[in-house]
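The chain contents come next:
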Amino acid sequence: MGRRRRRVIKVVKKALPKVYSCPQCGTISIKISVKKENIAKIACGNCGLSYEYELNTNKAPIDIYNDFVDKFLSGRLNLNDGKD
Ligand SMILES: [Zn+2]
């Protein structure tokens, strides 16, 4: 039984989640789409939270999302709520 076995390495492609949880309403309804080369739009399908994100580099959606949540939680987002 001198048969050599080739080791088969399976490459599992992990699909990135396409939706993210919303920092405002808590549902998994955030979608990130790239509108132009340097503008990504983040929008929640549940509560309507939306934000346009300017890309400086080729960021992955998860990075954009993390940045967005970070900004949201620290109150640095200028959302179009209008005046107070
Ligand atoms: Zn929401």
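Residues numbered from 1 in each chain as written. Predicted model: local features only at pLDDT ≥ 70, side-chain atom pairs only at ≥ 80, totals over all residues.

(A) Summary view of the overall build of the chain. The helix and strand inventory of the chain stands at one helix and four strands. The linear arrangement of helices and strands in the chain, starting from the amino end, is β-β-β-β-α. Out of the 84 residues in the chain, the part that is buried amounts to 11%. Counting contacts in the chain only where the partners sit at least 6 residues apart, residues at least 24 apart contribute 26% of the total. (Helix = DSSP H or I, 4+ residues; strand = E, 2+ residues; numbered from the N terminus. Buried ≥ 20, exposed ≤ 12 C-beta atoms within 10 Å, placed from the backbone. Contact = placed C-beta atoms within 7 Å.)

(B) Molecular detail of the sheet that holds strand β3 (residues 39-44). In space, the four strands of this open sheet follow the order β1-β2-β3-β4, with antiparallel pairing throughout. With partners counted over all chains shown, the strands left at the sheet margins are β1 (19-21) and β4 (50-54), one partner each. Averaged over all neighbouring strand pairs, the angle between strand axes comes to 30°, with direction disregarded. Against the sheet, helix α1 (residues 61-73) contacts β1, β2 (28-34), β3 and β4, and its axis sits at roughly 120° relative to β2. (Pairing = 2+ DSSP bridges. Axes fitted to C-alpha atoms, helices over the stretch in contact; angles between N-to-C directions.)

(C) Spatial organisation of the environment of S21. On the secondary structure map, S21 appears in strand β1. Distance from S21 to Y65, taken between C-alpha atoms, is 9.4 Å for residues 44 residues apart in sequence.

(D) The arrangement of the pairing of β4 in detail. Here five bridges tie β3 to β4, and the two strands are oriented antiparallel to one another. The partner of K41 across the bridge, within β4, is E52. Turn length for the β3-β4 hairpin, with the two strands adjacent in sequence and antiparallel, is five residues, and the turn residue G48 shows positive phi of about 85°.

(E) Inspection of the nonpolar core at higher detail. Grouped together as the largest cluster of nonpolar side chains are nine residues: Y20, C22, I30, I32, A40, I42, C44, Y65 and F68. Residue assignment for this core shows that the elements contributing at least two residues are β2, β3 and α1. Considering each element in turn, this core owes the most residues, three residues, to β3. Leaving out residues up to four positions away in the same chain, C22 has contacts with T27, S29, I30, C44, N46, C47 and L49. (Core = buried A, V, L, I, M, F, W, Y, C linked by C-beta atoms within 7 Å.)

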